[in-house]
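Below, each chain spelled out in residue letters.
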Amino acid sequence: SQQGEEDPQALSIQEGENATMNCSYKTSINNLQWYRQNSGRGLVHLILIRSNEREKHSGRLRVTLDTSKKSSSLLITASRAADTASYFCATVAASNFGNEKLTFGTGTRLTIIP
Amino acid sequence: DVKVTQSSRYLVKRTGEKVFLECVQDMDHENMFWYRQDPGLGLRLIYFSYDVKMKEKGDIPEGYSVSREKKERFSLILESASTNQTSMYLCACRHDGRGASYEQYFGPGTRLTVT
């Protein structure tokens, strides 16, 4: 079953603009993670936010988490052509913490136009 | 850096063939995972293993089996390949325990086509 659903499914912006992607999930979580996938390649971990955190930063990335709305957003500031990729959120459910399985969403395809 | 390798980037097999997909990690991680990725469906967990010779079914185990004889190697087996198993297959590993970050490290993927 898919836990996370990303919105939008696809996003195109000009280089230098900010990109925002959203993720909604259904059950209580222990943590939420964001991954990037370049075309035809494996996924790379970007950032993890725990259920007791509301915001986290890593370089040009900013992640927020609203557990009351069961949603998260990923903001990429000052986008670059190299940011073109698919972005996935993944959740670890609170109920199975201790034998964690990540449940991935369907992803947002981000295209940065030079 | 953690390195996860998969035996093939591209594979073409015929319906009914037995297919082995190999995954090797070099960081002594306890947990290993097999996913398949299809357009519009995201990543779906097939099987995972949290120790040698241990395996657990994921969300879509039907038609697949796995083997983990050594800690660093996790194999996915398609006993009799079918066309609906045409997909991208991704292997991942993760370290748990004190101080773990819970991030998963992925291999480059194997794009399997069953004809």
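Before any of the text, the structure's been laid out above.
Residues numbered from 1 in each chain as written. Chains lettered and ligands numbered in written order. Predicted model: local features only at pLDDT ≥ 70, side-chain atom pairs only at ≥ 80, totals over all residues. Heavy atoms only, no water.

Considering all chains together, one arrives at 2 disulfides over all chains under this definition. Two residues share a disulfide in this structure: Cys23 of chain A and Cys89 of chain A, whose sulfurs sit 2.0 Å from each other. Its S-S torsion of approximately 65° makes the covalent link between Cys23 of chain A and Cys89 of chain A right-handed. Placement of Cys23 of chain A in strand β3 (residues 19-24) and of Cys89 of chain A in strand β9 (residues 85-93) is noted, with a sequence separation of 66 residues between them. Like Cys23 of chain A, the residue Cys89 of chain A is buried in the burial classification. Free of any disulfide, Cys93 of chain B has its nearest neighbouring cysteine sulfur in Cys91 of chain B, separated by 7.0 Å. The buried category is assigned to Cys93 of chain B, whose relative accessible area is 0%. (Disulfide = S-S within 2.5 Å. Helix = DSSP H or I, 4+ residues; strand = E, 2+ residues; numbered from the N terminus. Buried < 20%, exposed > 50% of the residue type's maximum accessible area, 1.4 Å probe, protein only.)

With the rule as written, the count across this model stands at 8 aromatic pairs over all chains. Ring centres 6.0 Å apart and planes at 20° place the aromatic pair Phe33 of chain B and Phe48 of chain B in the stacked group. With Phe33 of chain B in strand β4 (residues 31-38) and Phe48 of chain B in strand β5 (residues 42-49), the pair connects residues that are 15 residues apart, well separated along the chain. Phe48 of chain B shares its class with Phe33 of chain B; the two are buried. Where Tyr35 of chain B meets Phe106 of chain B, the ring centres are 5.8 Å apart and the plane angle is 35°; that geometry is what we call tilted. On the criterion of sequence distance, the pair formed by Tyr35 of chain B in strand β4 and Phe106 of chain B in strand β10 (residues 105-106) is long-range, its members being 71 residues apart. Exposure remark for Tyr35 of chain B: the relative accessible area of 1% places this residue in the buried category. On the accessibility criterion, Phe106 of chain B (10% relative accessible area) is buried. Taken together, Tyr35 and Phe104 of chain A together with Phe33, Tyr35, Phe48 and Phe106 of chain B form an aromatic cluster joined through their ring pairs. (Phe/Tyr/Trp six-rings, centres within 6.5 Å; stacked < 30°, edge-to-face > 60°.)

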